[in-house]
Amino acid sequence: MKLIVFSDSHHANITDMLSIIDEEKPDAVLHLGDLTADVDDIRCVFPELHVYNVRGNNDWNVENVKDSLVVSAGPANIFLTHGHLYGVRRNTRALEAAARQNGCNVALYGHTHEAEITRKKDMLIANPGSISMPYSSAPPSYLRLNIRKDQIEPELVYLERQKSYTHWFGSI
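Residues numbered from 1 in each chain as written. Predicted model: local features only at pLDDT ≥ 70, side-chain atom pairs only at ≥ 80, totals over all residues. Heavy atoms only, no water.

A word on the packing of aromatic side chains. In this structure the tally under the stated criterion is 2 aromatic pairs. Centre to centre, the rings of F6 and Y142 are 5.8 Å apart; their planes meet at 50°, and the pair counts as tilted. Within this pair, whereas F6 is found in strand β1 (residues 2-6), its partner Y142 is found in strand β9 (residues 141-147), the two being separated by 136 residues in sequence. Judged by relative accessible area, which is 4%, Y142 ranks as buried. Their ring planes at 80° and their centres at 5.9 Å tell us that F79 and Y86 sit as a pair that is edge-to-face. Accessibility expressed as a relative area gives 1% for F79, which makes it buried. We classify Y86 as partly exposed; its relative accessible area is 22%. (Phe/Tyr/Trp six-rings, centres within 6.5 Å; stacked < 30°, edge-to-face > 60°. Helix = DSSP H or I, 4+ residues; strand = E, 2+ residues; numbered from the N terminus. Buried < 20%, exposed > 50% of the residue type's maximum accessible area, 1.4 Å probe, protein only.)

So, in structure tokens, the structure goes:
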């Protein structure tokens, strides 16, 4: 099973996200907030795709989206959150505790716009970075999670170039 994880798109890079989904052909897409409007666009273009998302600190007036969510995928119980409510700019201890409290062995967050993968004991903690506005000199990025029978293989993917996307309604 392949999952693609985006965060902090800020309605600035829908073209690349659609192109990545078209190329990767994931089983599901996870979006970690900022902005939920991008998730609406993904669902419109790929109506059959499973898309899970949470609200970020810039997702104002979004009533029907939760601050955190648990998604199960094979051996992975994944805790999704934007991260701002867990103090992830300082450290990920509160995030890890919330993930464990929810029975998860994977904690995914955004908010910092910095890509990162950390393994702590039996917990995978990962941030896909920002698909549109990384804070560091790193290029935009996303996370690919390959989940097999008993393995969870995370991989950060950095964009090398601007992608273009053509679908049934033409170029975006």
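Having seen the structure, we can now continue with the description.
This paragraph deals with the sheet that holds strand β8 (residues 123-128). Spatial ordering of the open sheet is given by β4-β5-β6-β8-β7, a layout of 5 strands whose pairing is mixed. Whereas interior strands pair on both sides, the edge strands pair on one side only; in this sheet they are β4 (68-73) and β7 (115-120). On average, each strand axis in the sheet is tilted by 15° relative to the strand beside it, whichever way the strands run. Strands β5 (76-81), β6 (106-108), β7 and β8 of the sheet are contacted by helix α3 (residues 93-101), whose axis makes an angle of about 125° with β8. (Pairing = 2+ DSSP bridges. Axes fitted to C-alpha atoms, helices over the stretch in contact; angles between N-to-C directions. Contact = heavy atoms within 4.5 Å.)

With respect to the element layout, Q151 can be found in the loop between β9 and β10 (152-158). Under the relative-accessibility criterion, Q151 is labelled partly exposed at 40%. C-alpha separation for the pair Q151 and I125, spaced 26 residues apart in sequence, amounts to 15 Å. Beyond its immediate stretch of four places on either side in the chain, Q151 contacts P75 and N146.

Remember, this is a structural readout, not a statement about activity or role.
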